[in-house]
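Here is how the chains run, residue by residue.
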Amino acid sequence: MSKILFVMTGADRWTLADGTPHPTGFWAEEAVVPYRALRAAGHEVVVATPGGVVPPVDRASLAAEVNGGQERADEIARAVEEMSELRTPVKLSEVDLDDFAAVFYPGGHGPMEDLAVSAESGRLLVAALDAGKPLAVVCHGPAALLAAVRADGSNAFAGYRVAAFTNEEEIQGGLAGRAEWLLQDRLAQAGVDVVAAEPWGPHVVVDRTLITGQNPASSAPVAEELLRRLG
């Protein structure tokens, strides 16, 4: 079957407006659910991060209250431990996009810190877009789209419709007032059309080869759409 590239954050903290480091990483459900779906369909997953660092899990994403109870939280935590690819990431700078059939970006606040300003990630996204490869991005993962800038300074995703973690969800999550910038606002400034739905429910937007999900609950339907694209 196909090889799928998971581009993941290497940041374990998100710098807030006052300089305070907020512990973060990747959001467990957003990596685990698509990973399981893709592996169950027979696909191979390769993890890449800036510098090849091991992607840190956001410990908050393993809590019972965000997983519908302790049983589900324990299941998610076990699944993270079973993702052996997380322990052997490749350097983003060394990725050969020709080796992969699709690219996936999970979220968590980590991408707000590193992938949003990563030229390596930005170049990979532009190349994947131009090559017509399916791109699937969830929650705060669309922060990476901000770095996808062409030679003329324009954003490669300007004019695309996307789902992404909304201002309202950031407000309800308690961090909007402390953030240096909000994802929905910054994407709009880059010319990306953020299509917001009700907070916390599954919401997926598909525009050409780009598949985006608004929040953790959108992880499963994003994975389903990606599998449809892969045939």
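Residues numbered from 1 in each chain as written. Predicted model: local features only at pLDDT ≥ 70, side-chain atom pairs only at ≥ 80, totals over all residues. Heavy atoms only, no water.

If you check an unreviewed UniProt entry, the chain appears there as Peptidase from Streptomyces lucensis JCM 4490.

Draft legend 1. Representation of the overall build of the chain within the structure. Within the chain, the secondary structure is distributed over 7 helices and 11 strands. Projected onto the principal axes, the alpha-carbon positions of the chain cover approximately 40 × 40 × 30 Å. The proportion of buried residues among the 231 residues of the chain is 55%. Look at the contacts in the chain between residues 6 or more apart in sequence, and 74% of them connect residues 24 or more apart. When the accessible area of the chain is evaluated, it comes to approximately 9600 Å², of which 48% is carbon and sulfur surface. (Helix = DSSP H or I, 4+ residues; strand = E, 2+ residues; numbered from the N terminus. Buried < 20%, exposed > 50% of the residue type's maximum accessible area, 1.4 Å probe, protein only. Contact = heavy atoms within 4.5 Å. Areas by Shrake-Rupley, 256 points an atom, 1.4 Å probe, with all protein chains shown as cover.)

Draft legend 2. View of helix α4 (residues 119-131). With 13 residues, α4 extends 18 Å from end C-alpha to end C-alpha; this agrees with the ideal 18 Å at 1.5 Å per step. For α4, the full list of buried residues reads S121, G122, L124, L125, V126, A128 and L129. Where the residues of α4 are buried, they touch β1 (3-7), β6 (102-105) and β7 (135-138). After α4 finishes, the residue G132 shows a positive phi value of roughly 75°. (Expected span 1.5 Å × (residues − 1).)

Draft legend 3. Here's a closer look at the pattern of salt bridges. The full count for this structure, using the stated rule, is 7 salt bridges. Note that E225 and R228 form a salt bridge whose closest N and O atoms lie 2.7 Å from each other. Taken together, the residues span about one helical turn, with E225 and R228 both in helix α7 (residues 219-230) at a distance of 3 residues. For E225, a relative accessible area of 14% gives the class buried. Look at the salt bridges and you will find they share partners, linking R36, R72 and E75 into a network. (Salt bridge = Lys/Arg side-chain N within 4 Å of Asp/Glu carboxyl O.)

Draft legend 4. Spotlight on the UniProt feature "domain: DJ-1/PfpI" (unreviewed entry) in the chain. Per the UniProt entry, the sites bearing "domain: DJ-1/PfpI" (unreviewed entry) are residues 28-227 in this numbering. Overall, residues 28-227 shows 33% helix and 14% strand. The separation of its end C-alpha atoms is 20 Å. (UniProt positions renumbered as here; feature names shortened; annotations may be inferred.)

Draft legend 5. Molecular detail of the packing of helix α1 (residues 28-40) against helix α2 (residues 70-82). One way to put it is that α1 packs onto α2 with a least axis distance of 10 Å and a crossing angle of 70°. By the angle between their directions, the pair α1 and α2 is classed as roughly perpendicular. Crossing geometry of α1 relative to α2 is assigned as left-handed. Along the contact surface, α1 presents A28, E29, V32, V33, Y35 and R36, while α2 presents R72, E75, I76, A79, V80 and E82. (Axes fitted to C-alpha atoms, helices over the stretch in contact; angles between N-to-C directions. Parallel < 35°, antiparallel > 145°, perpendicular 65-115°, else oblique. Left-handed = near helix turned anticlockwise from the far one by under 90°.)

Draft legend 6. Broad picture of unusual backbone geometry. In this structure, C139 takes a positive phi of about 65° despite not being glycine. Residue placement: C139 occurs in the loop between β7 and β8 (161-162). In this model, R208 sits at a positive phi of 55°, which is unusual for a non-glycine residue. Structurally, the position occupied by R208 is in the loop between β10 (204-207) and β11 (210-213).

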